[in-house]
Amino acid sequence: MTDDKKKFFDRVKSNEYYMRWGKNAFPYVTAALLLSLFQIVTLAVTGNPWGVSGTFAYWGAWLFEAVGGSVDKWYYFASTGAQATLEKGILNHPESWRNVGIITGALAATLIASGFKIKKIKSMKQVVAAVIGGLMMGYGARLALGCNIGAFYSGISSLALSGWVFAVSLFIGAVIGSKLLVKYFM
Amino acid sequence: MKEVMLDCFGEACPVPLVKAQNKIKELEIGDVLIVQIDHSCAMKNVPEWARKDGYNVEVEEVDDGEWEVIIEKTK
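Definitions and limits used
For every chain, the first residue of its written sequence is number 1, and the numbers climb from 1 along that sequence. Here the convention is simple: chains get letters from A, ligands get numbers from 1, in the order in which they are written. For this predicted model, a pLDDT threshold of at least 70 governs which residues receive local features, and a threshold of 80 or more governs which side-chain atom pairs are given and counted, while totals over whole chains, interfaces and linings are taken from all residues. In this description a helix means any DSSP run of H or I spanning at least four residues, a strand means any run of E spanning at least two, and both kinds are numbered starting from the N terminus. For this measure, only C-alpha atoms enter the radius of gyration; the expected value for a globule follows 2.2 Å times N^0.38, where N is the number of residues. The exposure scheme places C-beta atoms from the backbone and then counts, for each residue, the other C-beta atoms within 10 Å of its own, assigning buried at 20 or more, exposed at 12 or fewer, and partly exposed in between. Think of it this way: build a C-beta for each residue from its backbone, and any pair within 7 Å is a contact. Pairing between strands requires that DSSP locate at least two bridges from one strand to the other.

Draft legend 1. Fine view of the overall build of chain B. For chain B, the helix and strand inventory stands at two helices and four strands. The helix and strand sequence of chain B, counted from the amino end, reads β-α-β-α-β-β. Taking 2.2 N^0.38 as the reference for a compact globule, 75 residues should give roughly 11 Å; the C-alpha atoms of chain B span a radius of gyration of 11 Å, in line with that estimate. Oriented by its inertia axes, the alpha-carbon framework of chain B measures out at about 30 × 20 × 15 Å. Looking at chain B as a whole, 31% of its 75 residues qualify as buried. A separation of at least 24 residues holds for 58% of the contacts in chain B among residues at least 6 apart in sequence.

Shown next, in the form of structure tokens:
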């Protein structure tokens with residue numbers, strides 16, 4: 001790197017606005033306000049409340065169809081709404097675009113803060129816990145018709161009682177999860 | 001006065017926090033605990049806990065996405 005360039009980045013690194021907007025994490029209140037704002041935008045634009053994990057079920061279905069499978073007879077995709085979504089395809093699915101946006105946005109944020117790092121897998125225990133935990137969360141979210149975004153966050157912000165039921169269950173699950181974590185990961 | 005390194009690289013929240021809380025109990029007053037982390041949310045909750053408990057805390061960015069939280073057990 002030439003000296004000029006190096007000096008430029010040294011200046012950016014200590015710049016007050018870069019520190020505030022790019023480097024340091026936003027305060028919780030700022031993040032909460034932004035989340036509230038964007039979930040209103042989401043509801044207004046797409047007509048559906050914010051959800052994340054339901055999209056992964058569709059991604060799975062499209063993938064399965066791409067290799068020649070069919071989910072027409074599956075109970076989960078049996079409704080006309082679900083069939084219409086599958087018919088329209090991934091490019092016409094707002095939730096898919098939003099999920100891609102979340103992933104690329106998170107990547108951009110960590111790159112701007114120069115905090116990107118590929119983390120080492122420390123033990124086999126982490127792999128086992130991630131696989132089992134991921135499967136249980138994914139399956140549970142489909143049974144509950146939503147994850148902590150679709151069923152909890154969007155449920156409560158739509159003034160639905162189901163959101164609060166989900167919150168209580170989430171809390172119980174978190175307590176059990178913490179106990180398991182301390183038992184097996186400490 | 002001694003310095004103790006706690007390697008929490010590759011550990012997700014809240015493991016670094018609980019490990020740091022357990023480790024500091026074993027230390028004497030005046031000792032320094034250095035928690036090595038690469039999970040950005042630990043950069044928030046580890047210093048928050050340590051400051052609330054009244055210890056001296058400093059966070060140092062050692063590399064891209066790697067930090068050391070330096071905690072002095074003051075009491």
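Moving on from the model shown.
Draft legend 2. Structural detail: the environment of B:V46. The residue B:V46 is located in helix α2 (residues 42–52) in this model. When the C-alpha positions of B:V46 and B:V15 are compared, they lie 10 Å apart, and in sequence the two are 31 residues distant.

Draft legend 3. View of the pairing of strand β3 (residues 56–63) of chain B. Residue and element names in this part refer to chain B. Counting buried residues along β3, only zero of its eight residues qualify, which leaves the element largely exposed. Bridging between β3 and strand β4 (residues 66–72) involves seven bridges; their strand directions are antiparallel. Looking across to β4, one finds that E58 is bridged to I70. What sits between β3 and β4 in their antiparallel hairpin is a turn of two residues, with G65 showing a positive phi close to 70 degrees.

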